[in-house]
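# Coordinate inspection notes
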Amino acid sequence: MAVDIDFSSSSGDFSYATTYAHDAGCGLGEETVRYISKLKEEPEWLLQFRLRALKVFERMDLPKWAPLKKAQLDISKLHCYLSQGERPKTDWEDVPQEVKQTFDRLGIPEKERKFFAGVEAQFDSEMAYANLQESLRAQGVIFVNSTEGLLHYEKCFRPFFGTVIPVGDNLFSALNGAVFSGGSFIYVPEGVKVKQPLQAYFRINAERFGQFERTLIIIDKDAEVTYLEGCTAPKFDSDTLHAAVVEIVALPGAKMRYITVQNWSNNVYNLVTKRAIAHENAEMRWIDCNIGSKLTMKYPAVILEGEGASGSVLSISVARDGQRQDTGARMIHRASNTRSRIVAKSLSIGDGDSTYRGTISMGRDVENCRSYSRCDAILMDDKSISRTFPHIDCRNDRCIVEHEAAVSKISSEQLFYLRQRGIGESQALSLIVNGFFDELIREFPMEYGVELKRLIEMEMDAGAGRKREGARNVC
Amino acid sequence: MFHGLLLQDISVGSGEKFFVRGVSLVVPAGELHILVGPNGAGKSSLLKALAGHPDYAVSAGEFFLDGENLLEMTPEERSRCGLFLAFQSPVPLPGVALGRMLQVARQERQPKGAPIDVRAFYGELCNAMESLGMERSWATRFVNDGISGGESKRCELLQILLLHPKYLLLDELDSGLDMDAVNLVAETLEKLRRAGTGILCVTHRQSLLQTLNPDRIHILREGRLLCSGGMELAEELHVRGFQGF
Amino acid sequence: MSASEEDWPTEVLHGGEPMPRNIAKNQRIVDAVPRSLALHWTFSAGAKLKYVLDLRSQDREVQLHRKVICELNASDVSVQIYAILRGNNHQRISLDLHLHHGASHTHSVTYICTVAEDSSRIRTIAKISAAERIECCDAHLQNRNLLLSPAASVETTPILDIQSNDIRCSHGATVSGPRPDEIFYLRSRGISEVVARQIIRDAFIAQATGNQPND
């Protein structure tokens, strides 16, 4: 089942002139929030939620360690809501032409036919398309956007909404709480194992725009699902903002795999809060690949709430010239017999900056918990930057935490070995770098793996244009 | 044109650290020569310098392969001219599969990037693995990663069989090998020699001289070539040891 | 450890030394000062420092802090650090270490071992940073933490901030209590759990000091 998956930023670098039926105007204020809430016909409780979030956003600031200042966001120039005003279609033929041609060009409808159990395609602020295999719908699986989830499946989603990531958690969760739109609300009933992945594709088309999707996934007892998220945007000269919130609740015995391939163009500020709560014996896996964006701040977290729960974060990060990937993971062990694993690998090219921030926390009353984390970084060029801030906090004597990290350039012995086999330097570098990421790339579905390798090679080739190839004194 | 490796007055190193000084020797195509000397004599350094290792620069002298001046070439260009260096302790390449690396190496030898016949290549790979007693799973194992000395030598031999070099530089090929493995290596080298490959083997163990039956022996000590001769040198070496030269 | 290192002049800190100070040649510095101190060293080219820290106190409620900055700003400088932090009762012990590689051909190796007993809390921050455009540097850090009672706690943050690519850098940290199989083994030989923990603690420290020259 060969599927042609293309996440390269050049293939996503196009946009179509679109007329938006609904536009909240530039900037963010109470009237923006009311506009959005009224348009979506939201109940009073949801409007109040948004207004509270707005107040928190206005009051809050970023933490000192953040690689960004609140003022840089310049929300006053951004459109916080743009849409066609249509409900999502379930047939590609019904999707408005300008939107459809975008997704056709990205190959989404074709992929859906061949590969996915369900697809949602978001265009700027709203879902243009959403479809779920009939068999899954019949089993009670819900896969809708946030508005539909909160309005038509309130009993299902409202009890969990905002509980994993409260509004005041950080500046971006407050921002998102005020103006969120789109995103996936998913419920998988008890015992249902969804075999093929559910896919969401986020597309930014407009300039000077903020996309604030909100995702809430609830996997009931012993259910299983994989969710794949891809995002692209055209390369505009102005900045674009993507501040998303992803909340996941894995009930006892549930298994969840959340895979992201992020290749936003390098004018996008990508600020995402992702957190899962794992109950007894649940398994939560975040599989994250960050290649694009101007700045990404994303630290997937798992709260290990129930005994026997396990969480893992596998992260690939590539930072090229002018890019900053500030990513990491947080594992909070609140119950006994829980396990966590973090493997983060990064590549910095040119003056690209890759930073890892991690937290492992073992509470006072837990026992027999284990955590293993490893961060490896390759710095291609002499201006490349790598930073690692792993924080371990252990408050009992019955747990084991292990952490290791290493930073280096490409090994000259490895390079020489391949060159002695007749392989040119840039091919040799590709082999070594793909080898470096290999154990993580294997975690992605195969078609994505192939595409990821290609993307990484493209980033290296682009970086190589600036690289000075000369004899270096090796010691 | 002379078919062979020609080293003329090769010096490796500079300033305070000279690895090798003024070494001249010739390895004609189809002959097996052994360069023998005690540990630290400079044998490995010489081979690495000939292959273009960035840490071992040739500071003086000439090096020709079938009349081509290799010193002006990058390591990969030297390889494509037909030079193969089998390392003593090959570096691991985690995540890089052996089959893939060889496929890329073959592809890079194609004129003007013409694609190779991948099916034919893998067929050839399987045959070569079989002839060396290697299981097919080796094609997907990571190069030199988590394998024993004997296994890594077999991988080097596999690469030789697939890249068809004209000349081999072998660095301590018997280190870490048991007798069976040494014999397998010796058999393979003999086949290659008869097919016209020129071979320069480097070792500090005199026992290898008997096993390989070289056409010529060269003795290296403290970076200098002391003398060259036929198998009669092997006898003398056995009697006098390296210090006797 | 070579014989030449044993010949290095040893200085024992008493806590009154003015900082920053420059290390001009080989120097071994022993620090067992049971008070909070801030130490700051710069280096002349070719200098080597071995800094041995044993941080503990008899005061059951003490808060003990050590801040150490090493600026490796000249070439061919090498620094070795061996630190043991011990906490008991209600003590709060912390180490804030920063090794900055600001020049080419600099090397650092750091071992930090901590043992937290009773209700003590030990905090370690160990930062290795490397400036732009330096060449041929090496920096490695190991941090091992042993928790010996349910109420003890450890926090550790080993940081790497690397802005040059010609440096090989690594760190590792482990935090754990005594291994259950080790405790069980000793108990199966008739040793009480309390004493077994003490034996394990002493073995951990002996291993840590084994890395150091005569303590």
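Use the structure listed above.
Since this is a predicted model, take the numbers as computed values, not measurements. (Residues numbered from 1 in each chain as written. Chains lettered and ligands numbered in written order. Predicted model: local features only at pLDDT ≥ 70, side-chain atom pairs only at ≥ 80, totals over all residues. Heavy atoms only, no water.)

## Regarding the environment of Leu 150 of chain A
Residue and element names in this part refer to chain A. Here Leu 150 shows up in helix H6 (residues 146-152). The exposure class of Leu 150 is buried, given its relative accessible area of 1%. Separated by 250 residues in the primary sequence, Leu 150 and Ile 400 place their C-alpha atoms 41 Å from one another. (Helix = DSSP H or I, 4+ residues; strand = E, 2+ residues; numbered from the N terminus. Buried < 20%, exposed > 50% of the residue type's maximum accessible area, 1.4 Å probe, protein only.)

## A few points about the interface of chain A and chain C
Facing 34 residues of chain A, the contacting portion of chain C comprises 38 residues. Counting the surface lost from both chain A and chain C, the interface buries some 2,800 Å², and carbon and sulfur atoms represent 48% of this. For the pair chain A and chain C, the interface holds 4 salt bridges. When the shortest N-O distance is used, the salt bridge between Asp 161 of chain C and Arg 387 of chain A registers 3.4 Å. Per-element accounting of the side of chain A that touches chain C gives the leading share, 10 residues, to strand S22 (residues 385-394) of chain A. (Contact = heavy atoms within 4.5 Å. Buried area = accessible area lost by both parts, 1.4 Å probe. Salt bridge = Lys/Arg side-chain N within 4 Å of Asp/Glu carboxyl O.)

## Concerning the pattern of salt bridges
A full pass over the atoms with the stated rule returns 56 salt bridges over all chains. The network of salt bridges with common partners includes Arg 324, Asp 326, Asp 353, Arg 357 and Arg 387 of chain A together with Asp 161 of chain C.

## Topic: the sheet that holds strand S1 (residues 4-14) of chain B
Residues and elements named next belong to chain B. Strand order in the open sheet formed by 4 strands is S2-S1-S4-S5, with antiparallel pairing between adjacent strands. Edge strands, defined here as strands with exactly one partner in the open sheet, are strand S2 (17-28) and strand S5 (68-69). Of the strands in this sheet, S1, S2 and strand S4 (58-65) are in contact with helix H1 (residues 43-51), which crosses S1 at around 110°. (Pairing = 2+ DSSP bridges. Axes fitted to C-alpha atoms, helices over the stretch in contact; angles between N-to-C directions.)

## What about the layout of surface pockets?
To find leftover empty space, one rolls a probe the size of a water molecule over the atoms. Its boundaries defined by the atoms lining it, the second largest pocket holds a volume of some 840 Å³. Lining of the second largest pocket is provided by 37 residues; of these, Ser 408, Lys 409, Ile 410 and Ser 411 of chain A together with Arg 168 of chain C occupy positions nearest its centre. When residues of the lining of the second largest pocket are traced back to their parent elements, those giving at least two are strand S21 (370-379), strand S23 (400-408), helix H9 (412-420) and helix H10 (425-441) of chain A together with strand S11 (137-147) and strand S13 (167-176) of chain C. When residues of the lining of the second largest pocket are assigned to their parent elements, the largest contribution, 5 residues, is made by H10 of chain A. Per-class residue counts for the lining of the second largest pocket are 17 nonpolar, 9 polar and 11 charged. (1 Å grid on protein atoms, 1.4 Å probe; cavity = no way out; pocket = protein on both sides within 12 Å on 5 of 7 lines; lining within 4 Å. Points joined across faces, edges and corners; volume = space filled by probe spheres on them. Nonpolar A, V, L, I, M, F, W, Y, C, P; charged D, E, K, R; others polar.)

## Section: helix H8 (residues 232-240) of chain B
Residues and elements named next belong to chain B. Taken together, the buried positions of H8 are Leu 233, Ala 234 and Leu 237. Down the axis of H8, the buried set is contained in an arc of 105°. They therefore lie on one face. Relative to its buried face, H8 has exposed residues pointing more than 90 degrees away, namely Glu 235, His 238 and Val 239. On its buried face, H8 sits against strand S3 (32-36), helix H7 (207-212), strand S9 (216-221) and strand S10 (224-229). (Arc of directions from axis to C-beta.)

## So, the packing of aromatic side chains
How two aromatic rings sit relative to each other is set out by the distance from centre to centre and by the angle between their planes. Using the criterion set out here, one finds 15 aromatic pairs over all chains in the structure. Seen in terms of ring centroids, Phe 49 of chain A and Phe 161 of chain A are 4.8 Å apart; in terms of plane orientation they differ by 45°. Their pairing is tilted. Remark: Phe 161 of chain A occurs in the loop between helix H7 (154-157) and helix H8 (171-179) and Phe 49 of chain A occurs in helix H2 (residues 44-59); sequence separation between them is 112 residues. Accessibility classification places Phe 49 of chain A together with Phe 161 of chain A in one group, the buried group. Ring geometry for Tyr 417 of chain A and Phe 87 of chain B: centres 5.2 Å apart, planes at 35°, overall tilted. Of the two residues, Tyr 417 of chain A is situated in helix H9 and Phe 87 of chain B in the loop between strand S6 (83-86) and helix H3 (98-108); the pairing between them involves two chains. Residue classification places Phe 87 of chain B among the buried residues on the basis of a relative accessible area of 8%. Members of the aromatic cluster, connected to one another through ring pairs, are Trp 45, Phe 49, Phe 157, Phe 161, Phe 180 and Phe 185 of chain A. The side chain of Lys 50 of chain C reaches across the aromatic face of Trp 8 of chain C, ending 5.6 Å from its centre. (Phe/Tyr/Trp six-rings, centres within 6.5 Å; stacked < 30°, edge-to-face > 60°. Lys NZ or Arg CZ within 6 Å of the ring centre and 35° of its normal.)

## Here's the deal with the nonpolar core
Ranked by size, the top nonpolar core spans 115 residues in total, and within it Leu 347 and Ile 456 of chain A together with Met 101, Leu 158 and Leu 189 of chain B carry the most contacts. With 9 residues, the top contributor of residues to this core is H10 of chain A. If near-sequence neighbours (up to four positions away) are discounted, Leu 158 of chain B is found in contact with Leu 98, Leu 102, Leu 125, Ala 128, Met 129, Leu 132 and Met 134 of chain B. Tyr 258 and Trp 286 of chain A together with Leu 147 and Val 154 of chain C belong to the second-largest nonpolar core, a separate cluster that totals 105 residues. (Core = buried A, V, L, I, M, F, W, Y, C linked by side-chain atoms within 4.5 Å.)

## Some points on the pairing of strand S3 (residues 118-123) of chain A
Residues and elements named next belong to chain A. When you tally the buried positions in S3, you get 6 out of 6 residues, the bulk of the element. Judged by which residues are buried, S3 turns out to be covered on both faces: Gly 118, Glu 120 and Gln 122 on one side and Val 119, Ala 121 and Phe 123 on the other are all buried. By the bridge criterion, 6 bridges tie S3 to strand S7 (residues 198-203) in an arrangement that is parallel. Bridging from a neighbouring strand, Phe 123 pairs with Arg 203 of S7.

## Observations regarding unusual backbone geometry
One can expect most non-glycine residues to show negative phi and most peptide bonds to be in trans. Look at the link from Met 19 of chain C to Pro 20 of chain C: it is a cis peptide, with omega at 0°. In this fold, Pro 20 of chain C is placed in the loop between strand S1 (10-12) and strand S2 (21-23). At Ser 293 of chain A, a residue that is not glycine, the phi angle is positive and equals roughly 85°. Structurally, the position occupied by Ser 293 of chain A is in the loop between strand S14 (283-290) and strand S15 (295-298). Its relative accessible area of 0% is what places Ser 293 of chain A among the buried residues. At Glu 172 of chain B, a residue that is not glycine, the phi angle is positive and equals roughly 50°. Tracing the backbone through its elements, the reader meets Glu 172 of chain B in the loop between strand S7 (167-171) and helix H6 (179-194). Glu 172 of chain B sits in the buried class, given a relative accessible area of 4%.

Honestly, it's all geometry; don't read function into it.
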